[in-house]
Amino acid sequence: MLLHQTARKVDFGTGSVKRQILNLALPMTLAQVVSLLYNLVDRIYIGRMDGGDSLALTSLGLALPFIILVTGFSNLFGTGGSALFSIVRGSGDQEEAARCMGNSFTLLVGVGLLLMLLGEAFKEPLLLLFGASQDTLSMAREYTEIYLLGTVFVMLSLGMNSFINAQGQGALGMATVWIGAILNMVLDPLFIFKLDMGLKGAAIATVLSQMVSAAWTFYVLVLGGHVEIRLRKSYLSLKLDRVKSIVTLGMSGFIMSATNGLVQIVCNTTLQTYGGDVYVGAMTVIGSVRELVSMPVMGLTSSAQPVMGYNYGAKKYDRVREAIRFESVVSIVYTLVVWGILHQFPEPFVRIFNDSPELVKACVPAMKIYYFGFFMMALQFAGQTAFVALGKARQAVIFSILRKGVIVAPLTVLLPRISGIGIHGVFLAEPISNFIGGTACFVTMMITVYRKMSREEISAEKGQ
């Protein structure tokens, strides 16, 4: 039995498209807010360790590539699986939708265990590769080795939560991250300061919190009665064609995370060469602010994805096009406002994490450069979401690689070598990639997807 007697079906094929997106967007954005607290609360507390010395914050920044990698694989199987799930569910095949969810669960657990073992085995040489100095290696290592122990729990809570949201249960999806984040906020000061465990305490608090989030997700999808399609043991066996489809659709999210990790590594090593530990710390702060201000856009585009995927599977192309228009306009307006605020008032955002005069002095001009033209990033998110939701995996992958791998990483290495730019060249690479990559992604989506659906809609009407 796929349907539980109290399950409520959410039909994205009828009613107001805007309302359906917003009904998901509010809880999903709140979930994004709380999800950020896992790492941001750590960074805020860690930034105030040892009297506000920035070395602890820098050490945490060195561990970020590991966190990004785990998030990437969560997106690969969670976002990819839920995108396929939405399309199949929209076509009416409940059985296959359930198998998509079961296969995603198996992949998350299996790959999570593998990542944990490999990460623990090679953490020290990798941290040195990521730009660790003799002053930061020990602290970065102790955080990383504990964080990696919770890899499976992190991946399950992030990846499987997508299937709760894909069934229209945004409030339950929000609860997944709220439960863990509130626990994390309670445990962080206890372990970091009260028990005097420092970075190690922050890692333990995060792992314990993710364990609770994963347990909640498992309860909702297996034992709870609110979702229409539930996780069953009989649907865990992998099928090659299904796995290929999941991986194909999730590849853009994975590559986006992987290239973010690559850029983090390149930035850390370049900043260490040209500016030292303080600039590695500055990039940690700037990246944290980016996560914070990008959250509403990510919540909106994530909520639009199941709506678009369901209607695309049901061949209701007019509703897909309406969803694309809505998410694009709202995202662009929001990021324009954020750009203005960050340009005028960067210092308060820096001081959320650390009050060190040296760090603030490095961060303020760097932030103004890094966030120039921030609204162009919204074009990348809008185009990327449409490609993934509609199963256009190849285009999604291409533009994921283009922005970070082809543009940001090389420019991060090259620009500081140009006379007169120096260390600020590292921060200049991001806005250049937003303008080039964002424009290319959005324009291509409008030409190859949006207009094509308009023609298909007209053809369908003539055929009736």
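Residues numbered from 1 in each chain as written. Predicted model: local features only at pLDDT ≥ 70, side-chain atom pairs only at ≥ 80, totals over all residues. Heavy atoms only, no water.

S.K.: Teacher, can you tell me more about the overall build of the protein chain here?
M.R.: A count of helical and extended segments in the protein chain gives 15 helices and zero strands. Here the protein chain holds 464 residues, and 58% of them are scored as buried. Here the contacts in the protein chain between residues at least 6 apart in sequence split such that 83% fall between residues at least 24 apart. As presented, the protein chain carries roughly 18,000 Å² of accessible surface, and 65% of it is formed by carbon and sulfur atoms. (Helix = DSSP H or I, 4+ residues; strand = E, 2+ residues; numbered from the N terminus. Buried < 20%, exposed > 50% of the residue type's maximum accessible area, 1.4 Å probe, protein only. Contact = heavy atoms within 4.5 Å. Areas by Shrake-Rupley, 256 points an atom, 1.4 Å probe, with all protein chains shown as cover.)

S.K.: Is there a simple way to explain the packing of helix 9 (residues 277–313) against helix 12 (residues 357–370) in this structure?
M.R.: The relative placement of two packed helices comes down to the angle between their axes together with the axis-to-axis distance. Helix 12 packs onto helix 9 with a crossing angle of 50° between their chain directions and a minimal axis gap of 9 Å. Taken together, the axes of helix 9 and helix 12 lie oblique to each other. The handedness of the crossing between helix 9 and helix 12 is right-handed. When helix 9 is examined against helix 12, the residues Val-278, Tyr-279, Gly-281, Ala-282, Met-283, Val-285, Ile-286, Val-289 and Arg-290 are found in contact with a partner set consisting of Glu-358, Leu-359, Ala-362, Cys-363, Ala-366, Met-367 and Tyr-370. (Axes fitted to C-alpha atoms, helices over the stretch in contact; angles between N-to-C directions. Parallel < 35°, antiparallel > 145°, perpendicular 65-115°, else oblique. Left-handed = near helix turned anticlockwise from the far one by under 90°.)

S.K.: When you look at the layout of surface pockets in this model, what are you seeing that I'm missing?
M.R.: With a probe scaled to a water molecule rolled over the atoms, the places where space remains empty come into view. What the largest pocket holds in volume is close to 250 Å³. In this structure, the largest pocket is lined by 17 residues; those nearest its centre are Pro-65, Phe-66, Leu-69, Leu-126 and Phe-130. Listing elements by their share of the lining of the largest pocket, those giving two or more residues are helix 2 (55–91), helix 3 (94–129) and helix 8 (240–274). Of the residues that constitute the lining of the largest pocket, the class distribution is 14 nonpolar, three polar and no charged. (1 Å grid on protein atoms, 1.4 Å probe; cavity = no way out; pocket = protein on both sides within 12 Å on 5 of 7 lines; lining within 4 Å. Points joined across faces, edges and corners; volume = space filled by probe spheres on them. Nonpolar A, V, L, I, M, F, W, Y, C, P; charged D, E, K, R; others polar.)

S.K.: Honestly, the pattern of salt bridges in this entry has me stumped. Any pointers?
M.R.: It is possible for side chains bearing opposite charge to pair when their charged atoms get close. Enumeration over the complete set of coordinates arrives at nine salt bridges. A salt bridge links Glu-120 to Lys-123, with the shortest nitrogen-to-oxygen separation between them at 3.6 Å. Residue Glu-120 and its partner Lys-123 are both found in helix 3; the two are separated by three residues, about one turn of the helix. Residues joined by salt bridges that share partners form a network here, namely Glu-120, Lys-123 and Glu-145. (Salt bridge = Lys/Arg side-chain N within 4 Å of Asp/Glu carboxyl O.)

S.K.: Whenever I open this one, helix 14 (residues 393–414) confuses me. Can you help?
M.R.: The α-helix winds at 3.6 residues per turn, so residues separated by three or four positions along the chain end up facing the same way. Taking 1.5 Å per residue as the helical rise, helix 14 with its 22 residues ought to reach 32 Å, and the 31 Å between its terminal C-alpha atoms agrees with that figure. The largest bend in helix 14 amounts to roughly 40° and is located at Leu-402. Every buried residue belonging to helix 14 is among Ala-393, Gln-395, Ala-396, Val-397, Phe-399, Ser-400, Arg-403, Lys-404, Ile-407, Val-408, Ala-409 and Thr-412, and all of these are buried. (Expected span 1.5 Å × (residues − 1). Bend = angle between axes of the 7 residues up to and from the residue.)

S.K.: Help me understand the environment of Tyr-143, please; the structure alone is not making it clear to me.
M.R.: One can find Tyr-143 in helix 4 (residues 137–147). Classification of Tyr-143 as buried rests on a relative accessible area of 1%.

S.K.: Please explain the side chain of Thr-270 as it appears in this structure.
M.R.: With respect to the secondary-structure elements, Thr-270 resides in helix 8. Leave out the neighbours within four places in its chain, and Thr-270 touches Thr-412, Val-413, Pro-416 and Val-426.

S.K.: Explanation requested: a nonpolar patch on the surface in the structure shown.
M.R.: A contiguous nonpolar surface patch, about 460 Å² in accessible area, is contributed by Val-329, Val-333, Val-337, Ile-341 and Phe-345. With respect to the helices and strands, Val-333 occurs in helix 10 (residues 317–344). (Patch = residues over 30% accessible without salt bridge, like charges linked within 9 Å, V, L, I, M, F, W, Y side chains within 5 Å.)

S.K.: Is there a simple way to explain the confidence of the model for the protein chain in this structure?
M.R.: As a note on interpretation, predicted positions should not be read in detail where pLDDT is low. Per-residue confidence for the protein chain averages 81 on the pLDDT scale, and 88% of its residues sit at or above 70. Here residues 1–6 scores under 50 on pLDDT; set against residues more than four positions off or in separate chains, the count is 15 contacts. (pLDDT = per-residue confidence, 0-100.)

S.K.: Could you clarify how one ought to interpret the environment of Phe-345 in this entry?
M.R.: Turning to its location among the elements, Phe-345 is positioned in the loop between helix 10 and helix 11 (346–351). On a C-alpha basis, the gap between Phe-345 and Lys-368 in space is 9.4 Å, while along the polypeptide they are 23 residues apart.

S.K.: Even after reading the chapter, I still don't get unusual backbone geometry, so can you show me in this structure?
M.R.: Leaving glycine aside, a negative phi is the common case for residues, and trans is the common case for peptide bonds. For Lys-315, which is not glycine, the phi torsion reads 60° and is therefore positive. For Lys-315, the location among the structural elements is in the loop between helix 9 and helix 10.

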